[in-house]
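Descriptive analysis of the structure
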Amino acid sequence: MKVILSELAGFCYGVRRAIDTVLQVSESNEKSIYTLGPLIHNPQVIEMLESKGIKSVKEISEIPANSIIIMPSHGVARTIMENAKKLNLEIIDLTCPFVSKVHRQAENLYNQGYQVVVLGDKGHTELKGIMSVAGENAISVENIDELSQHTISNKVGIVAQTTQTIDDYQKLVYAISGIAHEVRAYNTICHATSDRQKSALKLAESVDIMLVVGGRNSANTRRLTEICIEYGVPTFHVEVSDEIQDEWFAGKSSVGVTAGASTPDWIINQVVDRISAISEV
Ligand code: F3S
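Thresholds, definitions, all that
- Residues numbered from 1 in each chain as written.
- Predicted model: local features only at pLDDT ≥ 70, side-chain atom pairs only at ≥ 80, totals over all residues.
- Heavy atoms only, no water.
- Helix = DSSP H or I, 4+ residues; strand = E, 2+ residues; numbered from the N terminus.
- Rg over C-alpha atoms; globule rule 2.2 N^0.38 Å.
- Buried < 20%, exposed > 50% of the residue type's maximum accessible area, 1.4 Å probe, protein only.
- Phe/Tyr/Trp six-rings, centres within 6.5 Å; stacked < 30°, edge-to-face > 60°.
- Lys NZ or Arg CZ within 6 Å of the ring centre and 35° of its normal.
- Near = heavy atom within 4 Å.
- 1 Å grid on protein atoms, 1.4 Å probe; cavity = no way out; pocket = protein on both sides within 12 Å on 5 of 7 lines; lining within 4 Å.
- Sits in = over half its atoms within 2 Å of the grid points.
- Points joined across faces, edges and corners; volume = space filled by probe spheres on them.
- Nonpolar A, V, L, I, M, F, W, Y, C, P; charged D, E, K, R; others polar.
- Contact = heavy atoms within 4.5 Å.
- Polar contact = N/O pair within 3.5 Å; in protein donor to acceptor, adjacent residues only side chain to side chain.
- Pairing = 2+ DSSP bridges.
- Axes fitted to C-alpha atoms, helices over the stretch in contact; angles between N-to-C directions.
- Core = buried A, V, L, I, M, F, W, Y, C linked by side-chain atoms within 4.5 Å.
- Salt bridge = Lys/Arg side-chain N within 4 Å of Asp/Glu carboxyl O.

Another point: the overall build of the protein. Within the protein one finds 9 helices and 12 strands. Since a compact globule built from 281 residues should have a radius of gyration of about 19 Å, the 20 Å found for the protein is in line with a globular shape. Its C-alpha atoms put the protein at 65 × 55 × 25 Å along the principal axes. The 281 residues of the protein split such that 51% are buried.

Right, dumping it as structure tokens:
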């Protein structure tokens with residue numbers, strides 16, 4: 001059985017930067033290190049960080065004074081950053097520059113009198129961060145169907161959580177253009193996400209089965225799985241190689257492997273090795 005790894009799979013720029021920086025800080029520092037929420041959405045990486053003494057907490061109040069607080073790559077709400085500054089904590093802000101750019105654009109739109117509409121996944125930390133700077137009349141929607149639940153003004157600014165699809169973004173811009181008189185839209189979808197999606201789809205077109213590797217709590221990994229399923233190829237989402245079942249590959253001659261932007265190389269390699277071992281039996 002042929003195993004083909006997607007041209008673009010695994011850590012994106014922002015995630016690699018976050019992991020590398022945290023590991024460097026932990027090696028060169030005596031202080032306790034805490035991340036606010038999981039640094040990235042991958043349980044195996046979080047376990048690895050915990051084994052090095054880097055703990056994840058839900059609230060700033062759980063962090064002892066004189067510790068280091070790491071802000072995650074998908075950013076945090078402004079109030080959280082302000083609270084951390086008031087406490088005696090050393091802040092290392094690893095918000096991905098692309099996420100910071102969405103914050104700046106949302107805030108600028110608000111300051112220029114636009115009602116900000118954010119395309120994003122409800123409850124996601126990145127969305128909370130964007131909403132925290134988008135003004136009190138900002139709204140967030142997961143799709144155009146939700147627009148009817150809100151009052152839309154005549155002057156609307158649109159941004160998107162970095163992991164959204166271009167398709168959903170275009171639909172939103174089109175729908176709002178039919179409601180508001182003035183629309184200013186910024187495509188803030190990160191290329192790392194859309195490039196991984198295109199690369200996964202291209203691979204799905206040429207194989208008998210797809211495996212998507214990554215955290216079940218990772219929005220961009222789930223999206224890769226959805227895209228492959230929508231294309232119509234049998235697709236399985238696994239976090240680790242132990243979840244792979246031999247019977248998935250019965251009668252198949254080629255398998256494609258892709259991985260979310262928060263999946264480390266060592267997990268992808270284990271999955272590829274496991275499939276290769278099955279195909280040799
Ligand atoms: Fe940044 Fe894009 Fe990754 S926003 S964290 S480079 S998916």
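What follows picks up the thread again.
All told, the structure shown has 3 aromatic pairs when counted by the stated rule. The interplanar angle of 5° and the centroid separation of 4.0 Å between the aromatic rings of F236 and W248 together place this pair among those described as stacked. Here F236 is found in strand β11 (residues 235–238), whereas its partner W248 is found in the loop between β11 and β12 (254–259), with 12 residues between them in sequence. Under the relative-accessibility criterion, W248 is labelled buried at 15%. Among the aromatic residues, those joined into a cluster by ring pairs are F236, W248 and F249. Between K155 and the ring centre of Y114, over which it is positioned, the NZ or CZ distance is 4.7 Å.

This part is about the site of the ligand. The full set of residues close to the ligand is C12, G14, C96, F98, V99, T162, C190 and T193. With respect to the detected pockets, the ligand is housed in the largest cavity.

As a further point, take the layout of surface pockets. Of the pockets and cavities examined, the largest pocket occupies roughly 360 Å³. What lines the largest pocket is a set of 14 residues, among which T165, D167, Q197, I227 and E230 lie closest to the centre. Within the residue set of the lining of the largest pocket, elements represented by two or more residues are α6 (166–177), α7 (191–204) and α8 (219–231). In terms of residue count, α8 provides more of the lining of the largest pocket than any other element does, 5 residues in total. The class makeup of the residues in the lining of the largest pocket is 4 nonpolar, 3 polar and 7 charged.

What follows is about the environment of S199. With respect to the secondary-structure elements, S199 resides in helix α7. For S199, a relative accessible area of 12% translates into the label buried. Ignoring any residue separated from it by four or fewer positions in sequence, one finds S199 in contact with S6, E7 and L8. A distance of 3.2 Å separates the side chain of S199 from the backbone nitrogen of L8, its partner in a polar contact.

Turning next to the sheet that holds strand β10 (residues 209–213). With parallel pairing, the 4 strands of this open sheet are ordered in space as β1-β12-β10-β11. Of all strands in the sheet, those with a lone pairing partner are β1 (2–5) and β11, marking the two edges. Going from strand to strand, the sheet's axes swing by 20° on average, the running direction of each strand aside. Both β10 and β11 contribute to a ladder of 4 bridges, which runs parallel. What sits directly across from L211, in β11, is F236.

Of all hydrophobic cores here, the largest spans 22 residues; its most connected members are I19, V22, L39, I40, L49 and I70. When residues of this core are assigned to their parent elements, the largest contribution, 6 residues, is made by helix α1 (residues 13–27). Aside from chain neighbours lying at most four places away, what touches L39 is A18, I19, V22, I46, L49, I70, P72, S73 and H74. With 16 residues, the next largest nonpolar core counts V213, V257, I267 and V272 among its residues.

Bringing the pattern of salt bridges into the picture now. Applying the stated criterion across every chain, the model contains 9 salt bridges. Of the charged contacts, one joins E90 and K31 as a salt bridge, the two residues approaching to 2.8 Å between their closest N and O atoms. Placement of E90 in strand β5 (residues 90–93) and of K31 in the loop between α1 and β2 (33–36) is noted, with a sequence separation of 59 residues between them. With a closest N to O distance of 2.5 Å, E243 and R216 form a salt bridge. Here the residue E243 occupies a position in the loop between β11 and β12, and R216 occupies one in the loop between β10 and α8, the gap between them amounting to 27 residues. On the basis of relative accessibility, which here comes to 24%, the residue E243 falls in the partly exposed class. Here the salt bridges do not stand alone but share partners, grouping D121, R223 and E226 into one network.

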